[in-house]
Amino acid sequence: MRSRVWGGLSAVVLGGLMVTGCGGGTGTADESGGKAGRTGSGGYPVTVTDCAGAKANFSHAPRKIVTSNAAGLELLLRLGAGDKVIGTGFPPGRGTLPGDLDAQARKVEVLSRTVIPKEKLLGSGADLYVDTFASMNMGGGMGDTPTEEEFKAAGITHVFLKSTACAATGKHPVTDLSAVEADITTLGAVTGTRAKAAELVAGMNRKLDAVRKAVGGTAPGARPTYFFFDYDAGTKQPMAVCNRQIAHAVITLAGARNVFADCDGDFQQVGWEDVIARNPDWIQLGVRDRGSEAANEKAFDEARTWLETNSATKGLKAVRQGHFLRIGSEPTTIAGVRNADTVEEIARTLHPGKAG
């Protein structure tokens, strides 16, 4: 099993989120997707725990937040805590966030187009760093990931989005989005936006319930097989979405069968012969955000053309039948409210007579 490669950088999974609060019980969003524990109505103190069990305590809402990438930024914007975000790495492309979120995102300082360099992150003035992928080996002269001691010395509390960051260490296949919902609930508790977090989770559940009602009863043998083609991970050797990754839950909830459901972990490099042996009914062109709609469409076209012209893939059933879905990688593989939208979109495409 190889570590997840994202934007050319290896992600080493370290931890996730659990929240406890004053006046309430405790709970964890474990690797199988259990929900975060409910907290008291008043708020603080809030304790956040990573996958290794290390605790971080919040006596009040953070005042200056930096996010590792667009996923964390989007969640904070949706929670109404965007005015606290002072910087981000991997910024969202213009127009890729809906409505007013795009305008708000444009106001956030871009600390790096990729991984935020160590010194810039430590000197940002942040008191909270929300990390989607956990520690990264930045390499290439970009510096090293700060240690927890360095974060502490800089006055920065370092927390992770557990549903993504802890996926590789999961003990069971992930078949729902409860771990994503737990991340949203936790960020709501940390930022003092619990009511909005509950609203976002409720909205996701309404969409998921509708899809479940429409396609949930489809017999396993009647569910089309599905391959998430991570075009940006490289074409020489494909990267499979395994059963601990939230994309597996997205695919499953949409009424499809992940062709690599038998792979334990989050991502694993496989061979094209493995894809050919599974001969998927549908292929998602999972390209990453290029910064504009035009650039994204060009990338989708490139991914499709590669599959249609490569001798190893042009004979695949999905390729011959033109069964492609042009859905970005981020709303499929990274925690966020739009995971539920992706479930809807896949279900509508694969089950047009039932969903949508």
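Residues numbered from 1 in each chain as written. Predicted model: local features only at pLDDT ≥ 70, side-chain atom pairs only at ≥ 80, totals over all residues. Heavy atoms only, no water.

Draft legend 1. Structural context of the overall build of the chain. When its secondary structure is counted, the chain shows 13 helices and 16 strands. A total of 356 residues make up the chain; the buried ones form 54% of that total. In the chain, of all internal contacts separated by at least 6 residues, the share reaching a separation of at least 24 is 69%. (Helix = DSSP H or I, 4+ residues; strand = E, 2+ residues; numbered from the N terminus. Buried < 20%, exposed > 50% of the residue type's maximum accessible area, 1.4 Å probe, protein only. Contact = heavy atoms within 4.5 Å.)

Draft legend 2. Molecular detail of the packing of helix α8 (residues 246-253) against helix α13 (residues 338-350). Put simply, α8 and α13 touch, their axes get as near as 8 Å, and they point 40 degrees apart. Relative to α13, the element α8 is oriented oblique. α8 and α13 meet at a crossing whose hand is right-handed. Between α8 and α13, the residues in contact are I246, V250 and L253 and N339, T342, V343 and I346, respectively. Along the lines of polarity and charge, the residues of the contact of α8 with α13 split into five nonpolar, two polar and no charged. (Axes fitted to C-alpha atoms, helices over the stretch in contact; angles between N-to-C directions. Parallel < 35°, antiparallel > 145°, perpendicular 65-115°, else oblique. Left-handed = near helix turned anticlockwise from the far one by under 90°. Nonpolar A, V, L, I, M, F, W, Y, C, P; charged D, E, K, R; others polar.)

Draft legend 3. Structural context of the confidence of the model for the chain. Scored by pLDDT, the chain has a mean of 86; 85% of the residues are at 70 or more. Per-residue pLDDT stays below 50 along residues 1-41; that stretch engages in 142 contacts with residues further than four places along the chain or on separate chains. When the criterion is pLDDT under 50, residues 135-143 qualifies, and its contacts beyond four places in sequence or with other chains add up to 27 contacts. (pLDDT = per-residue confidence, 0-100.)

Draft legend 4. Broad picture of the packing of helix α7 (residues 194-215) against α13. In contact at an axis separation of 9 Å, α7 and α13 are set at 20 degrees when each is read in the N-to-C sense. Our classification of the angle between α7 and α13 gives roughly parallel. Of the two possible hands of crossing, α7 and α13 adopt the one that is left-handed. Between α7 and α13, the contacting residues are M204, K207, L208 and V211 on the first element and A340, D341, V343, E344 and A347 on the second. Looking at side-chain class alone, the contact of α7 with α13 contains six nonpolar, no polar and three charged residues.

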